[in-house]
Structures are given as C-alpha cells and as structure tokens.
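# Results of the structural survey
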Amino acid sequence: MRVGIVGVGFMGTTHAAGWAAAGGDGLPKPELVGLVAETVEEAGPLATQTGARIYPRLADMLPEVDVVDVCTPTHLHHEMVLQAAAAGKQIICEKPLARTVTEARQMVQACRAAGVHLLVAHVVRFFPEYALAKAAVAEDQIGRLGVLRLHRGSYRPKKPVGNWFLDESKSGGILMDLMIHDYDYARWIAGDVQTVYARRVSTHHPQASIDYGLVILTHKNGALSHIAGAWAYPPPTFRTRFEIAGDAGLIEFDSDATAPIQNLILRDREGSAPDVALPASPVSESPYTTQIKEFYICLMEGRPCRITASDGLAAVQIAEAAIQSAASGQPVQLETLPEVLP
Amino acid sequence: MNPQLPAKTRIGILSFAHHHGEAYIHNLRSLPQVDLIGVADDDLARGQRIANLHGAVFFPSYEELLAARPDGVVICTENSRHRPLVELAAAAGVNILCEKPLATTLEDAQVMVEVCDRHGVLLMTAFPMRFSAPLKIVKASLDAGEFGQVYCFNATNQGELPTKHRKWFVDPELAGGGAFMDHTVHLVDIIRWFLDKEVTEVYAQANHIFHAAEVEVETGGLEMVTFQGGVFASIDCSWCRPPYWPTWGGLTFEMVTERGAVVVDAFRQNLVVYRQSWQRAAWSYWGSDSNQAMIEEFIQAIREQRPPLVTGVDGLRAVEATLAAYRSAHSGLPVTIR
C-alpha cells in the first residue's frame, strides 16, 4: 500500500512516524511514497528521512498513491478530501474533519459515493487512558452515565510562521480546534448529543491574550457533559483531566497526578537552568502510531475501526453548534444528519 | 474591646433539622465571649437527645428559648421552614444566623430580609466559604490586582447523596429541590463576593440518573451563570460522588483571568488515610474550619452592632439564581434575572 501525506507540519511528521511503524505481523509494510508541501524547503527534512518524493500539489501525487493522509490546516481538508475521493483513493483525515458541517457532509457523501474509506484522526480515542475509561464504561463498570467532565488545557498554539490556529476562519478557534477532541470523546462514551450550550472568553474579549471555552452538552440519553478547553496556561503546560460519573461508580483521570516522571533538575549539562519541564507520561507506543496502525489494518483487511466518518462529522456538528451558541448566547438543538449513521 | 460590650454574647440554636446545628454547638462553645444559653427543637426527641449529648440546656419550645432573651440565634430548620422562625426571632428582637439556602422561594427570602430590617436585627446567611482560608487568600490577591481582569470560572460543588445526614435533603417540599438547591448557592455567593457583581442570567440542565431509584429530585446538574460585566461561570452541582469516594464531595474552581488561571480546591488540605476497618482510602481534613470563622463573625457583628460580612441579601441573591436555574432547566432556555 502506497501512502501520501498532504501537509508536512507537526501532524504530517507525526503521521509519517506512524506509517514507518505500521505493518508486520503478516501484513506488508506500507510505503510512504509522497509528501505534498507548498515548498520543497519545508518538506526537505521529512523527505530525506523517509525517502518520500515531494509534490507541489495533491493532483500530482494522486496517481502514485493508494492512500491519501490529509494533515493540512483544517480549512483545506474539504478540498483535499474531495480530490482524493474523486480519484478513488482511501482517505485518512486529521481532525476536525472540516471547518463546517456543510463541508463535512459533502466529504462524507463523496467518500461513500466513491466507495472509499474516510478515517478521521481523533487520536484521543487511541490514548491509553481514554481508551481504558471507554472500555470500563462499555463493560458497565460504573453503570449508567450521569455527568461527564472533560478538560484540556494548554497555551495558545504557537507556530513560527502562518499561525492558522489563531485564524478563526481557518481553525474554528478554541471551541473547534482544541475542544473537538472532547466532544468526540463525550459522544463516544455517552452517545449522541441533543443540545449544545457554549461560552467563550474571546467572544467577550476579542483582544484577550488567552482563550477559554466552556460547553455543556445534553446527550440524548439524558447524560450531561461539561467540556472545558483552555488556551490560558503558561507554556509548556499541557494538561488533560476527566471525570466520568455513573450511577454505579466514578472514574477520574488527571494527567498531572498520573505523570510517572517529574524532572526537578536545577541545571542541565551546559550548566544553565532548563526551561520549565513538563511532567512526562511515556508509553511504549505513541497513540498517534497506534492510530495509524489501526487505520492501516482497517484499510488492508476491511476490519472495522474505532472511529468512522460519521463520528468525524458528528464532532464537527457539535463544534459548529458550540461556536454558534457562544455567539448567540442561546442553546443549539442538533438536527439529525442523514450522513451520521447509527 | 469596647468596655460597654457585655461580657458574654448569649446565643441559642433553633432546631437540629440541619446536621450543621451540632457542629455549631462546638463552634459556639470554643468562643470565650459566647454563652450558649440553650437549644430548642420542634422535634422534641431529637432536640432533647442532642441537648443531652452535648450537655446543653433544652428549651421545650422556640418561644421559651426566645423569652430567655438571647442576643442571637442560629436557625437550622429544613430549608423551607426557615421563614417562620426568622419571623419569630426578628419579632423578639433577636439577631439571626440562618442556614443556607436562605429559603426555597423568592418571596420567603424577601420577607425574611424585610422583617429583619423592620425589627432592626441582623440577618446573616450561613455561607462558610466566605471564611475559607484558601478562598480568602485568592480574594485578597484578586482585590490587590494580581490577576488583572477576571474572564470566567469553571466551578464544581459536587457531593454525595446527602441523605446519610438527613432524609429531608431530598424532600422536594422541605429541601425545595435536589442538587440545584443544595449546591448552587455556595458558588454563586463566592463569585458574587469575588466580583462584587450580581447574576444576570442562568442556563441550566438537570438530570435524574444518580440514585434514580432512591430519590425524586434532580441529582445531576450543570449550570452556566452570567454576572454583570459578562463574566461567566459554569457550576457542576451534581450529587455524583459515590458513598465509597474518599470524602463527602468538595468545592473547586478555576478562575480564568487576563494573566492566566488560578485553580482552587477549597477542601484539598487532607491526609489520605487507609484503615483496615474502612477497606478504602479516606481523606481526613486538616484545613481550617470555615464554620468556626463564620460563627465568630456572627458573634462579632452582634457585639459591634454592625452588619455581618455576609448578609440576608447575599442569601436572597443566591436563592434567586438557584430558582432561575430551575426555571432554565425546565424551559431549556437561559433565564434573565436583571
């Protein structure tokens, strides 16, 4: 299977490492044969490392690949996925699936019409702590779910140039780009969402240097989810927490509290004080790699995968409703989309 | 100290319907300037039992306790039964510390504030978190401008099902509701105090999933409360803590400001204790007792004849926001207060 990655930023590079580790156990190794990048310079290091060829446009790469792995900024997903689907390629797409529900629906329709997979890279489903909690809920360890609290906090995304994360029209801002992870997770464990109500700091304070979102989801089964997202903490903070309360038990997770390593180093080898270090929580396989491996097996053997195109679309629908609610101050009722399969 | 002040401030406790009443006996007795003149309870057996247990004088009726001319009383009836005792004590010219929530209807709360004003007696609402050592530090830093402008709060006041203390906590009539009524007022009051702003709007969603077979009232709830100036605060008031959790529940908030965030866990000061007889970890609280500081403030306000730091109006405003949460949960829409 020949793979081409569109976009060579942090996510494209991370997926490339996943593809390098995929295969084996009776499956042939996938080949990363192409990279689509705006400039040869930005793709140079990854091309050298992987041996993949650099293409200026997706159209030029399409004849050479079986799988297109879309790792571009969010607002470009729609165009890339439609092109790949029209060429009959299998597709992996970074989250959020699209910047709008309209675009996401077109993408799902196009992939179904073309008979190709559209696998959405909601990597949180592959993080061991989230996967384990999902399994515990699925095994009925804590009974019927009542209230979920999901929290994801960091600093404002930084990029040396072209910081599209901060461009609302491209990324959707905090309510979409950051918090979509937890909308998807909430829906994965507590089911479809009926009502979305959201508030966001930047709605009231457009000039604020931080941003923070609070979203209340009402699930169709009556469970409630509280989703908090922060771009408000000092770098290099990255903290995730969750609490899942059922009528027969409670699950808690806090990335700070469970980090097995804390570096309290006074001076590094050069004798200078290091930047503040993050507590580290290493696992033997990166969740991004676990994800690519599962996608690869799904594509090779047609086995079901833990995330579908429907899930990617449903998460975009929640995110768009959250943006709408934060702007209007009113709750948003979600309509049933025909593309979201049960 | 003002030499004209009486040596001892005479205090009585009216009812032990609320389990805090027993703790207040200890809080009052630890103050040298207080004379706990006695207790009364319309549940005579309960009142007599608790009086005996603590060696306190038992008055057979509220009227007889009030006739003994206390300077102040602490009212610990069920939530919906605060009003008649507040009216009785105010008419007797006695200062009042009333358990929270102040009332279960806006009309009751308003009447209670008015009647105390009319009789010139102090009405204090029992909001101990105003006296929490960690919260006072954060409030002082906020007032000193250390955090800059406040944008929002992400807050929780979660607990276990409170029936292990008293059955009436889940009685719709006596408690006035469930998790909303029990756990909204503290955080609304804390944020009003922090910001010096009133609530303008409340959005709320409730459910009935925890303990569904045991109680009728709502046991899960999420609220979004907006304050004057646009600061918004989510409050999780759920009774989601199982009885085998390490403690009763807690009160936490993240305050997000222009300079980042402050994360506060008011009841974090615990030992983790593992005992063979418990077969689970439990948290043993060693932080300062906010109830003690609250009782002291009530006594000092009486002795100095000044308004207490937290008043009946504060109790009224918190009730108003709680009732708005019920209306919002019912309609599914945000409710505007002012």
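In this text the structure is predicted, and so the values were computed from the model without any measurement.

## Some thoughts on the overall build of chain A
Along its length, chain A carries 13 helices and 13 strands. On C-alpha atoms alone, chain A measures out to a radius of gyration of 20 Å, which is about the 20 Å that the 2.2 N^0.38 rule sets for 342 residues. Overall, chain A is about 60 × 50 × 45 Å in size when its C-alpha atoms are taken along their principal axes. Each of the 342 residues in chain A was classed as buried or not, and the buried ones make up 47%. Counting only contacts in chain A whose residues sit at least 6 apart along the sequence, the fraction spanning at least 24 positions is 71%.

## Notes on the interface of chain A and chain B
In this assembly, 32 residues from chain A lie in contact with 27 residues from chain B. Where the side of chain A that touches chain B is concerned, the elements lending two or more residues are β7 (145-154), β8 (193-200), α10 (201-204), β9 (211-219), β10 (224-231) and β12 (249-254) of chain A.

## Focus on the packing of helix α1 (residues 20-29) of chain B against helix α10 (residues 290-304) of chain B
All names here are of chain B. Where α1 meets α10, the axes come as close as 9 Å, and the angle between the chain directions of the two elements is 60 degrees. Read as a crossing pair, α1 and α10 show a hand that is right-handed. Counting all contacts with α1, which are made through Ala23, Tyr24, Asn27 and Leu28, the residues of α10 involved are Asn291, Gln292 and Ile295. Each residue belonging to the contact of α1 with α10 can be placed in one class, and the counts come to four nonpolar, three polar and no charged.

## A look at the sheet that holds β10 of chain A
Residues and elements named next belong to chain A. The strand order β12-β11-β7-β10-β9-β8-β13 describes an open sheet built from seven strands, whose pairing is mixed. Strands at the two margins of the open sheet, each flanked by one partner only, are β12 and β13 (332-333). Two strands pair when backbone bridges link them, and β7 and strand β11 (residues 239-246) are joined in this way by eight bridges, in the antiparallel orientation. Directly across from Arg152, in β11, lies its bridge partner Thr240.

## Description of the packing of helix α5 (residues 101-114) of chain A against helix α13 (residues 309-328) of chain A
Residues and elements named next belong to chain A. Close contact between α5 and α13 brings their axes to 9 Å; oriented N to C, the two are set at 170 degrees. The angle between α5 and α13 places the two elements in the roughly antiparallel class. Judged by residue contacts, Val101, Ala104, Arg105, Val108 and Cys111 of α5 engage Ala309, Gly312, Leu313, Val316, Gln317 and Glu320 from α13. Considering only residue class, the contact of α5 with α13 consists of seven nonpolar, two polar and two charged.

## Here we look at the pairing of strand β6 (residues 118-121) of chain A
All names here are of chain A. The side-chain alternation of β6 yields two buried faces, one formed by Leu118 and Val120 and the other by Leu119 and Ala121. Inspection of the sheet shows strand β5 (residues 90-94) paired to β6 by four bridges, in the parallel sense. Bridging from a neighbouring strand, Glu94 pairs with Ala121 of β6. For the crossover from β5 across α5 to β6, the handedness is right-handed.

## With respect to the domain arrangement of chain A
Many analyses report the size of an interface as the accessible area lost when the parts associate. All names here are of chain A. Split by domain assignment, chain A resolves into domain 1 (2-122) and domain 2 (125-283 + 307-333). Computed over C-alpha atoms, the centres of domain 1 and domain 2 are 25 Å apart. With 18 residues of domain 1 at the interface, the matching set in domain 2 holds 21 residues. Secondary structure elements with two or more residues in the side of domain 1 that touches domain 2: α5 and β6. The leading source of residues in the side of domain 1 that touches domain 2 is α5, at five residues. Residue composition of the side of domain 1 that touches domain 2, by class: 11 nonpolar, four polar and three charged.

## Here's the deal with the domain arrangement of chain B
All names here are of chain B. Domains assigned within chain B are domain 1 (9-129 + 291-310) and domain 2 (130-289 + 320-336). Centre-to-centre separation of domain 1 and domain 2, based on C-alpha positions: 24 Å. Contacts between domain 1 and domain 2 engage 19 residues on the former and 22 residues on the latter. Broken down by element, the residue count for the side of domain 1 that touches domain 2 peaks at five residues, all from α10. Taken together, the residues that form the side of domain 1 that touches domain 2 break down as 10 nonpolar, six polar and three charged.

## Points about the environment of Arg166 of chain B
Structurally, Arg166 of chain B is set in the loop between β7 (150-159) and α7 (172-175). Apart from the residues lying within four places of it in its own chain, the contact partners of Arg166 of chain B are Ala17 and His19 of chain B.

## Comments concerning the nonpolar core
The biggest cluster of nonpolar side chains holds 209 residues, and the ones touching the most others in it are Ile91, Leu118 and Ala319 of chain A together with Ile96 of chain B. Look past the residues within four positions of Leu118 of chain A in its chain and what remains in contact with it is Val81, Ile91, Cys93, Met107, Val108, Cys111 and Ala309 of chain A.

## A short note on the confidence of the model for chain B
Predicted confidence across chain B gives a mean pLDDT of 97, with 98% of residues reaching 70 or more. Listed scores for the predicted complex are pTM 0.96 and ipTM 0.96.

## Brief notes about the sheet that holds strand β9 (residues 220-227) of chain B
Residue and element names in this part refer to chain B. Pairing is mixed across the open sheet formed by seven strands, whose spatial order is β12-β11-β7-β10-β9-β8-β15. Of all strands in the sheet, those with a lone pairing partner are β12 (260-265) and β15 (335-336), marking the two edges. Bridge analysis of β7 against strand β11 (residues 249-257) gives nine bridges, and the strand direction is antiparallel. Its bridge partner being in β11, Val150 is matched across the sheet by Thr257. On top of the sheet, helix α11 (residues 312-331) reaches β8 (199-207), β9 and β15; it is set at about 50 degrees to β8, its chief contact.

## Here's the deal with helix α5 (residues 106-118) of chain B
All names here are of chain B. Between its terminal C-alpha atoms α5 stretches 18 Å, which fits the 18 Å expected from 13 residues at 1.5 Å a residue. Of the surrounding secondary structure, the elements contacted by the buried residues of α5 are α4 (82-91), β5 (95-98), β6 (123-125) and α11. Phi for Gly120, located one or two positions after α5, is positive at around 65 degrees.

## Quick notes on the environment of Ile92 of chain A
Residue and element names in this part refer to chain A. Secondary-structure assignment places Ile92 in strand β5. Linking Ile92 and Leu119, residues 27 residues apart in sequence, is a C-alpha distance of 4.7 Å. Beyond its immediate chain neighbours, meaning those up to four positions away, Ile92 contacts Val67, Asp69, Val70, Leu119, Ala121 and Phe295.

## Examining unusual backbone geometry
A cis amide bond links Lys95 of chain A to the next residue, Pro96 of chain A, at an omega of -15 degrees. Locating Pro96 of chain A in the fold gives a position in the loop between β5 and α5. A cis amide bond links Pro235 of chain A with the next residue in sequence, Pro236 of chain A, at an omega value of 5 degrees. Positioned with a positive phi, Gln279 of chain B is a non-glycine residue whose angle comes to about 60 degrees. With respect to the element layout, Gln279 of chain B can be found in the loop between β13 (270-275) and β14 (280-285). For Gln279 of chain B, a count of 8 C-beta atoms within 10 Å corresponds to the exposed category. The residue Gln305 of chain B is not glycine, and still its phi comes out positive at about 50 degrees. Its location among the elements puts Gln305 of chain B in the loop between α10 and α11.

Parameters at a glance
Residues numbered from 1 in each chain as written. Chains lettered and ligands numbered in written order. Predicted model: local features only at pLDDT ≥ 70, side-chain atom pairs only at ≥ 80, totals over all residues. Helix = DSSP H or I, 4+ residues; strand = E, 2+ residues; numbered from the N terminus. Rg over C-alpha atoms; globule rule 2.2 N^0.38 Å. Buried ≥ 20, exposed ≤ 12 C-beta atoms within 10 Å, placed from the backbone. Contact = placed C-beta atoms within 7 Å. Axes fitted to C-alpha atoms, helices over the stretch in contact; angles between N-to-C directions. Left-handed = near helix turned anticlockwise from the far one by under 90°. Nonpolar A, V, L, I, M, F, W, Y, C, P; charged D, E, K, R; others polar. Pairing = 2+ DSSP bridges. Parallel < 35°, antiparallel > 145°, perpendicular 65-115°, else oblique. Right-handed = clockwise from strand over helix to strand, strands pointing away. Domains from an automatic or database assignment. Core = buried A, V, L, I, M, F, W, Y, C linked by C-beta atoms within 7 Å. pLDDT = per-residue confidence, 0-100. Expected span 1.5 Å × (residues − 1).

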